[in-house]
Amino acid sequence: MKKTLAVIFAGLLSATPLAAQSVDDFPSKPMTYIIPFNAGGESDISARFQQAEWEAVTGQQVVIQYQPGAGGAQAWSQLNSLPGDGYTIMGINMPHTVLQPLAGSAGYKTEDLTPVNYFHYTPNAIFVTKDSEFKTLADLVDYAKANPGLVTFAGSGSNSANNLAAVQFNELADINTTYVPFSGTGPSITAILGGQTTAGFNYATSGVSQGDAMRMLAVASDERLPAFPDVPTFKELGYDIVGGAYRGVAVPASTPEPIRQKISDIVTEINHRPDFIEKMESAGFVLTDIGYGKMDDFVAARIKEYTAGAKALGIIK
């Protein structure tokens, strides 16, 4: 046994310089970027914007694949079964990855996941079609009060940022509406445009991607967004609702620390490239810079915030 351990230990020592060298050379081949939602949503759009910059920063291409299901949970529950060599990364969202495990069996726990960089944020917003009878948020609230249970909101995922906002809105407006979860923003927007739901609790970015096809009634930000100066905030209208989704990049738990940091650094560098900034801000995204070194404190603070919100709103007891 002693001889075996000595051989193993010697092997680990001899492998260290090679591992360090591989980090310096990383990436040396194309990478795979898994999006846990359908094409067309915010996770996909922002990843596509990154994809255009990835090769310029790393010298290698990144290939985007989709693995939708259960509001992202299907992919996140399988993340740690993927190779931890750094060549497979995955989009990750908050508060989804906190609320889903709190609400029930999501197939993973929040602490199982390894985010390395959260690079943008998008606030929630209520949308209706351009020809909707509801011209203002007050119109929608009045109708919901007169017709309890008839108003339906399409949104991205269960126990997600959209879902949480819909529950908050019901409570603060003293109305009874129904949230209808879809597998991503793309399908939920399709439902709104097709008249399958009354309205949508989506992300403000959809106001850019859909142009004049939809009308935004209110946005869940502290201040009005530069891209939508005419859209009031919920707070302006008397509802204390501020929230949305953080999106980033995660890796399998077996990924070595130096590779985690390298991937985080790549995402940060892309986040500072002028073309990327212009595309993201024009599309309504709010850029953030939460790298791997800040991750533990950031995630701990969000867990505390979202757990308190989930308890207050009855998602958990």
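Up top you'll find the structure we're talking about.
None of the values given here were measured: they were computed from a predicted structure. (Residues numbered from 1 in each chain as written. Predicted model: local features only at pLDDT ≥ 70, side-chain atom pairs only at ≥ 80, totals over all residues. Heavy atoms only, no water.)

## A closer look at the overall build of the protein
- When its secondary structure is counted, the protein shows 11 helices and 10 strands.
- Here the C-alpha atoms of the protein give a radius of gyration of 21 Å, agreeing with the 20 Å that 2.2 N^0.38 yields for 317 residues.
- If one aligns the C-alpha atoms of the protein with their principal axes, the spans along those axes are about 80 × 45 × 30 Å.
- Looking at the 317 residues of the protein, the share that counts as buried comes to 51%. (Helix = DSSP H or I, 4+ residues; strand = E, 2+ residues; numbered from the N terminus. Rg over C-alpha atoms; globule rule 2.2 N^0.38 Å. Buried < 20%, exposed > 50% of the residue type's maximum accessible area, 1.4 Å probe, protein only.)

## Side note on the packing of helix α2 (residues 42-58) against helix α10 (residues 274-282)
- Between α2 and α10, the shortest axis-to-axis distance is 10 Å and the interhelical angle comes to 165°. Overall, the two elements α2 and α10 adopt an arrangement that is roughly antiparallel. Between α2 and α10 the crossing geometry is right-handed. Contacts from S46, F49, Q50, A52 and E53 in α2 reach D275, F276, K279 and M280 in α10.
- Partitioning the contact of α2 with α10 into residue classes produces four nonpolar, two polar and three charged. (Axes fitted to C-alpha atoms, helices over the stretch in contact; angles between N-to-C directions. Parallel < 35°, antiparallel > 145°, perpendicular 65-115°, else oblique. Left-handed = near helix turned anticlockwise from the far one by under 90°. Contact = heavy atoms within 4.5 Å. Nonpolar A, V, L, I, M, F, W, Y, C, P; charged D, E, K, R; others polar.)

## Description of the side chain of S132
- Along the chain, S132 falls in the loop between β4 (114-129) and α5 (137-146).
- At 3.0 Å, the side chain of S132 and the backbone nitrogen of F134 are in polar contact. (Polar contact = N/O pair within 3.5 Å; in protein donor to acceptor, adjacent residues only side chain to side chain.)

## Regarding the pairing of strand β9 (residues 244-251)
- Extensive coverage of β9 is indicated by the burial of eight of its eight residues.
- Judged from the five bridges that link them, strand β3 (residues 88-94) and β9 form a sheet pairing that is antiparallel. Paired with I92 across the bridge in β9 is G248.
- Two elements, β4 and β9, share eight bridges in a ladder whose sense is antiparallel. In the strand pairing of β9, Y118 is matched with G248. (Pairing = 2+ DSSP bridges.)

## A word on helix α9 (residues 257-271)
- Under the 1.5 Å per step criterion, the end-to-end length of α9 is 21 Å for 15 residues, consistent within 8% with the ideal 21 Å.
- Of the positions making up α9, those classed as buried are I259, R260, I263, S264, I266, V267, T268, I270 and N271. (Expected span 1.5 Å × (residues − 1).)

## Brief notes about the packing of aromatic side chains
- A complete count under the given rule lists 15 aromatic pairs for this structure.
- When the ring of Y121 is compared with that of Y246, the centres are 4.7 Å apart and the planes differ by 55°; the resulting orientation is tilted. In this pair, Y121 sits in strand β4 while Y246 sits in strand β9, placing the two residues 125 residues apart along the sequence.
- Among the residues examined, Y121 registers a relative accessible area of 17% and is labelled buried. (Phe/Tyr/Trp six-rings, centres within 6.5 Å; stacked < 30°, edge-to-face > 60°.)

## What about unusual backbone geometry?
- Of note, the bond from F26 into P27 is cis; its omega dihedral lies within 30 degrees of zero at -5°.
- Mapped onto the elements, P27 comes out in the loop between α1 (2-25) and β1 (31-35).
- Between M94 and P95 the backbone carries a cis peptide bond, its omega angle lying at 15°.
- Inspection of the secondary structure puts P95 in the loop between β3 and α4 (96-103).
- Although it is not a glycine, A70 adopts a positive phi angle of roughly 55°.
- Inspection of the secondary structure assignment puts A70 in the loop between β2 (62-66) and α3 (73-76).

## Things to note about the environment of I92
- As for its position among the elements, I92 is in strand β3.
- In the structure, I92 is positioned 22 residues away from T114 in sequence and 9.2 Å away in space, judged by C-alpha atoms.
- Residues within four places of I92 in sequence aside, it is in contact with W76, T97, L113, P115, Y118, Y246, R247, G248, V249 and A250.

## Overview of the pairing of strand β7 (residues 199-203)
- Across the five residues that make up β7, a large majority, five, are buried.
- By the bridge criterion, four bridges tie β4 to β7 in an arrangement that is antiparallel. Bridging from a neighbouring strand, F127 pairs with G200 of β7.
- Bridge count between strand β5 (residues 152-156) and β7: two bridges; the pairing is parallel. By the bridge assignment for β7, F153 is matched with A199.

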